[in-house]
Amino acid sequence: MEKIELIPAIDIIDGQCVRLTKGDYASKKVYSSNPVEMAIEFERMGFRRLHVVGLDGAKSKHIVNTKVLQAITSSTHLVVDFGGGIKTDHDIDQAFECGAAMVTIGSVAVTDPALFLRWLTQYGSDKIILGADVRNGKVSINGWKEDSAMDLLPFLRQYVEQGVTQVLCTDISRDGTLQGPAAALYAEVMSAYPMLHLIASGGISSNEDILDLERRGIPSVVFGKAFYEGKIDVSKLI
């Protein structure tokens, strides 16, 4: 059994490291006023990857938090993927110029498939992660403020057939709840697309949740609140 890839998350609002519950901005809880120090601490613990989300950007529909992103990538050797508000060529160029190794693209893949596919061709599948945030079986967009009419598996199929190899899938109903991940949903995705590098996100509450996903063959997992609330023991994972 392959070890699952562990990816801590830093979500940013107003330059602070925060977590939301089910994507509700009114539920914001601040865990650190310095995301860069948080990233340095993650690297010190032994993590190699980091998922950074600019929630300001997701809400405002253009990239924000580039200075924080650049500070994180210049202060650590972490492989950072960045998402939140990447809607235009200027946005994606800024993300890469600020040191992101990969970008997570969700809303554009729903609203402008031609642009998403152009980016996939231009930058390659190793740099473009398809963001598939799901609520009630439908793909959600624009900082989870809107639900599209797209069902998850058909949405994934159209892009896997076009060369997407990495998908970050978040069950919004579980995100930030510490109620356990949507393991059955992720298993369904992996059953349909076994070669996909699936990054599971949302609901992680314990080391056992992570080990369960590992046993199910899920390649990667993102976690945030469980770490910040002291629910997982990093020393036993790394």
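One can find the structure itself at the top, above this paragraph.
In this text, all values refer to a predicted model and were calculated from it rather than measured experimentally. (Residues numbered from 1 in each chain as written. Predicted model: local features only at pLDDT ≥ 70, side-chain atom pairs only at ≥ 80, totals over all residues. Heavy atoms only, no water.)

### A short note on the pairing of strand E4 (residues 49-54)
Our working definition: When accessible area is computed with a 1.4 Å probe and restricted to protein chains, residues below 20% of their type maximum are described as buried, those above 50% as exposed, and intermediate ones as partly exposed. Helix and strand definitions follow DSSP, with helices as H or I runs of at least four residues and strands as E runs of at least two, each counted in order from the N terminus. DSSP bridges decide pairing: two strands pair if at least two such bridges lie between them.
Taken across its 6 residues, E4 has 6 buried, putting it largely inside the fold. Two elements, strand E1 (residues 5-13) and E4, share 4 bridges in a ladder whose sense is parallel. Bridging from a neighbouring strand, Ile 10 pairs with Val 52 of E4. Summarising the sheet, E4 and strand E5 (residues 79-83) pair through 5 bridges and their orientation is parallel. Residue pairing for E5: Arg 49 is matched across the bridge by Val 79.

### Digging into the packing of helix H1 (residues 35-45) against helix H3 (residues 66-75)
Using the following cut-off: As a rule, the C-alpha atoms of each element are fitted with a line to give its axis, helices using only the stretch in contact, and angles between N-to-C directions run from 0 to 180 degrees. For classification, angles of less than 35 degrees are called roughly parallel, those exceeding 145 degrees roughly antiparallel, those between 65 and 115 degrees roughly perpendicular, and all remaining angles oblique. Note on convention: near helix rotated counterclockwise from far helix by under a right angle means a left-handed crossing. Clockwise means right-handed. Residue contacts follow a heavy-atom distance rule, with two residues in contact if any of their heavy atoms lie within 4.5 Å. Under the scheme applied, nonpolar residues are Ala, Val, Leu, Ile, Met, Phe, Trp, Tyr, Cys and Pro; charged residues are Asp, Glu, Lys and Arg; polar residues are all the others, including Gly.
Put simply, H1 and H3 touch, their axes get as near as 9 Å, and they point 30° apart. Here H1 lies roughly parallel to H3, going by the angle between them. Crossing handedness for the pair H1 and H3: right-handed. Residues Pro 35, Val 36, Ala 39, Ile 40 and Glu 43 of H1 form the contact with H3, whose own contacting residues are Val 68, Ala 71, Ile 72 and Ser 75. Partitioning the contact of H1 with H3 into residue classes produces 7 nonpolar, 1 polar and 1 charged.

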